[in-house]
Amino acid sequence: MKKIYLASAAAVMLLSAVSCSETYDILPEDYAKVVRIKDGGVQNMAVYSVQDEATYPITIMKGGNAPEMSCNATLRIMTEDEFKDYLSESGAGYSYLPSNCYSFGSSGATKTISFEPKQGYQVTDIILYPKEIGKFYETYTDETRDPVIPVVLESDDSGIDPNSCQLFVKTSYSIPTIGFSTGGIIQMPATSDVISTRVAMPMISQWDINCTIEVDPTLLDEYNNTNGTSLTMMPAAAYRFPGTVEIKIGEDSAPFNIELNPDEAGKDTALPIRITRNNAPGLEFKDETIIIVNEEKFDYTKYPLVIDPEDAFCPDDANGCHTNMYGQPGTDGYHMEGLFDPNADRFFHSCYFEGHHYDETYNSYVEINLKKKMRNIAFELCPRYKAMGWAGGFPKWAKVYAYNESTGKWEQIGEKTDVKDAIDPETMYSLVGPYNASFPFSKVRFSAVQGYGKVMAGTMPVNGGYWCVGHMAVYGK
């Protein structure tokens, strides 16, 4: 087959459909008709175990400076030898998906497309065979290369855009799941009495699928155990939802609405819902469920915590953290005992000696083991001696981090940039928080970003930056 590959810049110009008469006079005949794959390169295609066939549409565009002319183009699958040559030249990390996994239908490995005059594009399909693809993936072990369907565009009477003449369809294979499109933890809405979501699947359904949806108290037990809460079941009078939802053939989802009566919901209750059954063969359930939580707002004053100084530490405690300018051990403040003692005369002081190094991420922090799981936290701080005259080292800027056990990372859940300015002149305390985390935590870090002097990060000069607090009260739920 004749292959007319055009120079890239010229192809771009021609495909922009230049139409002035002068252009016809100066452009060579090969540029009169130009064909290209509309979305070439690497494209993804998901297939599922329950499908007998799936189709991937390919759009072929015709351009050039003579749109009134007809032309022919051919799509074909690269041979394995051609594919090896392509990999050798390009270094691409692909492998060849076996030819029994797809075709152009009755025409096999090639498909001829004929364009009528003034016809600008045509769409043709590759037919994929998911069950064969599934068999292939059962024994495929090369994690460094993605199997693809390699397609090339050719023509014996038209130019070819060299930048859009190859297509690599990268397939994925899985068992389809059915579940809520919006799941997880949902707070009881304050202004609406209906929660709307959908029961959905990742493909167009081949059947009318009936799904059974039920309240599942075991979900609430799991939630309480994970989050350290003691929520109870929402009364039946507080909600209503359909027990079955149907996804019709040719659709991929169906609406699911939960009607709520906030007046009947009670306090600290939850509604746990999951899909329990469906009548479609071969579908699995998503782990996603819905738990509607009607939890009383965190009033931090009701949840004071007693912190054992042994359960907290600060790597920047002025007592012994370094030596002072005279080479003597540092001595200032009363360690963690002073921080959590309500007597503001027994204060905490961070290091201020020359050469001390503060953490680049967490600055100068106090880490506290709360001993039980929380989702809400707040701090109240007062300056030493409860006197503004001693608030020179009081934190100006603070961040709060919680440790997410599921990710193994400290995650910031709050920040206050005016801690010192927010001191209440009557109580002499400043509130930092309350903050809520999207995950349960039992460890927190109170990070003093800036107190006296500079932001506390990196190696400091003498008195370059420090913080001190007369008392820190902690609240959590």
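Look up: the structure comes first, before these words.
An account of the accompanying structure is given in this report. (Residues numbered from 1 in each chain as written. Predicted model: local features only at pLDDT ≥ 70, side-chain atom pairs only at ≥ 80, totals over all residues. Heavy atoms only, no water.)

1. Brief notes about the overall build of the protein
To keep things clear, this is the line we draw: Numbering of helices and strands runs from the N terminus, with a helix taken as a DSSP run of H or I at least four residues long and a strand as a DSSP run of E at least two residues long. Only the C-alpha atoms count toward the radius of gyration. The rule for a globule is 2.2 Å times the residue count to the power 0.38. All accessibility values rest on the Shrake-Rupley procedure with a 1.4 Å probe; residue burial counts only the protein chains present in the view. In this charge count, Lys and Arg are treated as positive and Asp and Glu as negative; neither His nor the chain ends contribute. Where a charge lies is defined by one atom per residue type: Lys uses NZ, Arg uses CZ, Asp uses CG and Glu uses CD.
Within the protein one finds six helices and 36 strands. Computed over its C-alpha atoms, the radius of gyration of the protein comes to 34 Å, more than 25% above the 23 Å expected for a compact globule of 477 residues. Along the longest, intermediate and shortest principal axes, the C-alpha atoms of the protein span 90 × 65 × 50 Å. Within the structure as shown, the protein displays about 23,200 Å² of accessible surface, and the carbon and sulfur contribution to it stands at 48%. When the 39 basic and 64 acidic side-chain charges of the protein are each reduced to a single mean position, those positions are 2 Å apart.

2. Focus on the sheet that holds strand E18 (residues 239-240)
The cut-off we apply is this: For two strands to be treated as a pair, DSSP must find at least two bridges joining them.
Spatially, the five strands line up as an open sheet ordered E18-E20-E15-E13-E22, and their pairing is mixed. In the strand order of this sheet, the two ends are held by E18 and strand E22 (284-285), each with one partner. The pairing of strand E15 (residues 194-200) with strand E20 (residues 253-260) spans seven bridges and is antiparallel. Note that in E20 the partner of serine 196 across the bridge is asparagine 257.

3. Some points on helix H4 (residues 130-139)
Side chains that are three or four residues apart share a direction in an α-helix, a result of its 3.6 residues per turn. Rules: When accessible area is computed with a 1.4 Å probe and restricted to protein chains, residues below 20% of their type maximum are described as buried, those above 50% as exposed, and intermediate ones as partly exposed. The directions considered for the arc are those from the helix axis to the C-beta atoms. Throughout, a contact is declared for two residues whenever any of their heavy atoms are within 4.5 Å.
If you check which residues of H4 are buried, you get Pro130, Ile133, Gly134 and Phe136. What you see down the axis of H4 is that its buried residues fit within an arc of 160 degrees, all on one side. H4 presents Lys135, Glu138 and Thr139 as exposed residues on the side facing more than 90 degrees away from its buried surface. In this structure, the buried side of H4 is in contact with strand E3 (41-48), strand E4 (54-63), strand E9 (121-128), strand E10 (146-154) and strand E12 (166-174).

4. Quick look at the packing of aromatic side chains
The geometry of an aromatic ring pair is captured by two quantities: the separation of the ring centres and the angle between the planes. For the record, the criterion: Two rings from Phe, Tyr or Trp (for Trp, the six-membered ring) form a pair when their centres are within 6.5 Å of each other. A pair whose planes differ by under 30 degrees is stacked, one over 60 is edge-to-face, and the rest are tilted. Comment: the charge-over-ring label is applied if NZ (Lys) or CZ (Arg) is within 6 Å of the ring centre and within 35 degrees of the ring normal.
In the structure shown here, the tally under the stated rule is 24 aromatic pairs. Aromatic pair phenylalanine 83 and tyrosine 96: ring centres 5.4 Å apart, planes at 65 degrees, arrangement edge-to-face. Separated by 13 residues along the polypeptide, phenylalanine 83 in helix H3 (residues 80-90) and tyrosine 96 in strand E6 (residues 94-96) bring together distant segments of the chain. There is no split in this pair, since phenylalanine 83 and tyrosine 96 are both buried. Taking the centre distance of 5.0 Å and the plane angle of 80 degrees together, the rings of tyrosine 300 and tyrosine 475 count as edge-to-face. With tyrosine 300 in the loop between strand E23 (290-294) and strand E24 (304-305) and tyrosine 475 in strand E36 (residues 471-476), this residue pair connects regions lying 175 residues apart in the sequence. Taken together through their ring pairs, the aromatic side chains of Phe83, Tyr86, Tyr94, Tyr96 and Phe168 make up a single cluster. In this structure, arginine 384 packs its charged tip against the face of phenylalanine 347, placed 4.9 Å from the ring centre. Above the plane of the ring of tyrosine 362 lies arginine 445, whose end atom (NZ or CZ) is 4.8 Å from the centre.

5. So, the nonpolar core
Cut-off, in case you're wondering: Put simply, a nonpolar core is a bunch of buried Ala, Val, Leu, Ile, Met, Phe, Trp, Tyr and Cys residues held in one set by side-chain atoms that sit within 4.5 Å of each other.
Among the nonpolar cores identified, the biggest contains 43 residues, and Phe340, Ile368, Ile377, Phe379 and Phe441 are the most heavily contacted of them. Sorting the residues of this core by element identifies helix H6 (335-340), strand E28 (364-382), strand E29 (397-404), strand E31 (430-450) and E36 as the ones contributing at least two each. Here the element with the most residues in this core is E31; it accounts for eight residues. Counting residues in each nonpolar core, the second largest holds 38 residues, with Ile58, Ile60, Ala73 and Ala92 among its members.

6. Focus: the pairing of E15
In this sheet, E15 lies alongside strand E13 (residues 177-180) in antiparallel orientation, the contact comprising two bridges. Of the residues in E15, the one forming a bridge with glycine 179 is alanine 200.

7. Side note on the state of the cysteines
Rule in force here: Whenever a pair of cysteine sulfur atoms sits within 2.5 Å, that pair is classed as a disulfide.
Under the criterion given, the structure shown has zero disulfides. No disulfide involves cysteine 71; its sulfur sits 15 Å from the nearest other cysteine sulfur, which is in cysteine 165.

8. Observations concerning the environment of tryptophan 207
On the secondary structure map, tryptophan 207 appears in the loop between E15 and strand E16 (209-215). Overall, tryptophan 207 belongs to the partly exposed group, its relative accessible area being 24%. For the pair tryptophan 207 and proline 281, spaced 74 residues apart in sequence, the C-alpha to C-alpha distance is 9.3 Å. Beyond its immediate sequence surroundings of up to four residues, tryptophan 207 is in contact with Val50, Ile247, Lys248, Ile249, Ala280, Pro281 and Leu283.

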